[in-house]
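Structure assessment
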Amino acid sequence: SQQGEEDPQALSIQEGENATMNCSYKTSINNLQWYRQNSGRGLVHLILIRSNEREKHSGRLRVTLDTSKKSSSLLITASRAADTASYFCATARTTGANSKLTFGKGITLSVRP
Amino acid sequence: ETGVTQTPRHLVMGMTNKKSLKCEQHLGHNAMYWYKQSAKKPLELMFVYNFKEQTENNSVPSRFSPECPNSSHLFLHLHTLQPEDSALYLCASSQGEGFAYNEQFFGPGTRLTVL
């Protein structure tokens, strides 16, 4: 079954507002990662949070992880039009001898100038 | 630029054609991946190579054939594809053992259309 599911599927905000995106997953993980993808381009890694971490910051990005609820959130503060993109959460976990990074379907964020 | 390049960026092919996608990473990573991205579906992992050895094949049809001659280059050979194979094909690389734990660096992708 799909590991990471983002919510909402689409989000439209005004420039300057904050954007909050959520990700839920079903099984235990080693870490959770957030990626951004501009239309028709490759994914760009934004931030990685390990299972023993609760919060992480990078510039205007803030990521939280709640392993008891199996959920994470990505907050983009003071959004800009250039933040318009799709955002994906990806969960890294080990199953037996294998490790895997599983992506969700993504959230489409539109930031209106 | 992420240090991962892919060629061609766009490819249109008929179902009877044979073509190849190329990926090159300039980051010194040891692991490389092929992903398929279709509209409204999660990113699908196709193949994983670690130190040139294939470590994962996610039940990909044999009409997709990967090749990894060295840790910097990865190919995806295509033959007798179907229209439903039309998608964005992404290559990625990462560093270290337990590779799935680490961030992955993606190329810009090849937009494939099968007629």
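The following paragraphs examine the structure supplied in this document. Counting from 1, residues in each chain are numbered in the order their sequence is written. A letter from A marks each chain and a number from 1 marks each ligand, given out in the order of writing. Two thresholds apply to this predicted model, a pLDDT of at least 70 for residue-level local features and 80 or more for giving and counting side-chain atom pairs, whereas whole-chain, interface and lining totals are computed over all residues. The side-chain numbers reported here are obtained from all heavy atoms of the structure, hydrogens and water having been left aside.

**Side note on the sheet that holds strand β3 (residues 18-25) of chain B**
Residue and element names in this part refer to chain B. Note the following rule: A pair of strands is considered paired only if DSSP assigns at least 2 bridges between the two. Going along the chain from the N terminus, every DSSP run of H or I of four or more residues is numbered as a helix, and every run of E of two or more is numbered as a strand. In this description, a line fitted to the C-alpha atoms serves as the axis of each element, helices being fitted only across the stretch in contact, and the angle between N-to-C directions of two axes falls anywhere from 0 to 180 degrees.
Read from one edge to the other, the open sheet built from 4 strands follows the order β1-β3-β8-β7, with strand pairing classed as antiparallel. Of all the strands in the sheet, the pair left with one neighbour each is β1 (4-7) and β7 (64-70). Neighbour to neighbour, the strand axes of the sheet diverge by 20° on average, direction disregarded. Of the pairings in the sheet, the one linking β7 to strand β8 (residues 73-79) comprises 5 bridges and is antiparallel in character. The partner of E67 across the bridge, within β8, is F75.

**Quick word on the interface of chain B and chain A**
Rules: By definition in these notes, contact holds between two residues if any of their heavy atoms fall within 4.5 Å. Residues adjacent in sequence count toward polar contacts only when both atoms are side-chain atoms; beyond that, a polar contact is any pair of N or O atoms within 3.5 Å, and within protein one must be able to donate a hydrogen and the other to accept it.
Counting residues at the interface gives 21 residues for chain B, matched by 21 residues for chain A. Scanning the region where chain B abuts chain A turns up 3 residue pairs in polar contact (both at pLDDT 80 or more).

**Concerning the pairing of strand β5 (residues 43-50) of chain A**
Across a regular strand the side chains alternate sides, sitting on one face of the sheet and then on the other. Residues and elements named next belong to chain A. Spelled out, the test is: Partly exposed residues are those whose accessible area sits between 20% and 50% of the maximum for their type, while under 20% is buried and over 50% is exposed, using a 1.4 Å probe and protein chains only.
By the criterion of burial, β5 is predominantly enclosed, with 6 of the 8 residues buried. Looking at chain direction, strand β4 (residues 31-37) and β5 are connected through 7 bridges and run antiparallel. Residue pairing in the sheet places N31 in a bridge with R50 of β5. Following β4, the chain reverses through 5 residues before pairing antiparallel with β5; G40 in that reversal takes a positive phi of roughly 70°.

**Brief notes about the packing of aromatic side chains**
How two aromatic rings sit relative to each other is set out by the distance from centre to centre and by the angle between their planes. Stated formally: Any Phe, Tyr or Trp ring, taking Trp's six-membered ring, that has another such ring centre within 6.5 Å forms a pair; planes under 30 degrees apart are called stacked, those over 60 apart edge-to-face, and the others tilted.
Following the criterion strictly, the structure yields 7 aromatic pairs over all chains and no others. Taking the centre distance of 5.3 Å and the plane angle of 55° together, the rings of Y35 of chain A and F103 of chain A count as tilted. On the criterion of sequence distance, the pair formed by Y35 of chain A in strand β4 and F103 of chain A in strand β10 (residues 98-103) is long-range, its members being 68 residues apart. We note that Y35 of chain A, like F103 of chain A, is buried. Ring centres of F103 of chain A and F106 of chain B lie 6.0 Å apart, and the angle between their planes is 80°; this geometry places the pair in the edge-to-face category. Of the two residues, F103 of chain A is situated in strand β10 and F106 of chain B in strand β10 (residues 105-106); the pairing between them involves two chains. Relative accessible area serves as the criterion here: at 1%, F103 of chain A is assigned to the buried category.

**Digging into the pattern of salt bridges**
Stated precisely, the cut-off is as follows: The salt bridge criterion pairs a side-chain nitrogen of Lys or Arg with a carboxyl oxygen of Asp or Glu, the two atoms within 4 Å.
By the definition in use, this model includes 6 salt bridges over all chains. The shortest N-O distance in the salt bridge between E53 of chain A and K56 of chain A comes to 4.0 Å. Residue K41 of chain B is joined to E44 of chain B by a salt bridge in which the shortest nitrogen-to-oxygen separation is 3.5 Å.

**Here we look at the sheet that holds strand β1 (residues 4-7) of chain A**
All names here are of chain A. Strand order in the open sheet formed by 5 strands is β1-β3-β8-β7-β6, with antiparallel pairing between adjacent strands. If you trace the sheet from one side to the other, it starts and ends with β1 and β6 (55-58), each paired once. Strand-to-strand twist across the sheet, computed as the mean angle between neighbouring axes with direction ignored, equals 20°. Relative to strand β8 (residues 71-76), strand β7 (residues 61-66) is paired through 6 bridges, and the arrangement is antiparallel. By the bridge assignment, R62 is partnered in β8 with L75.

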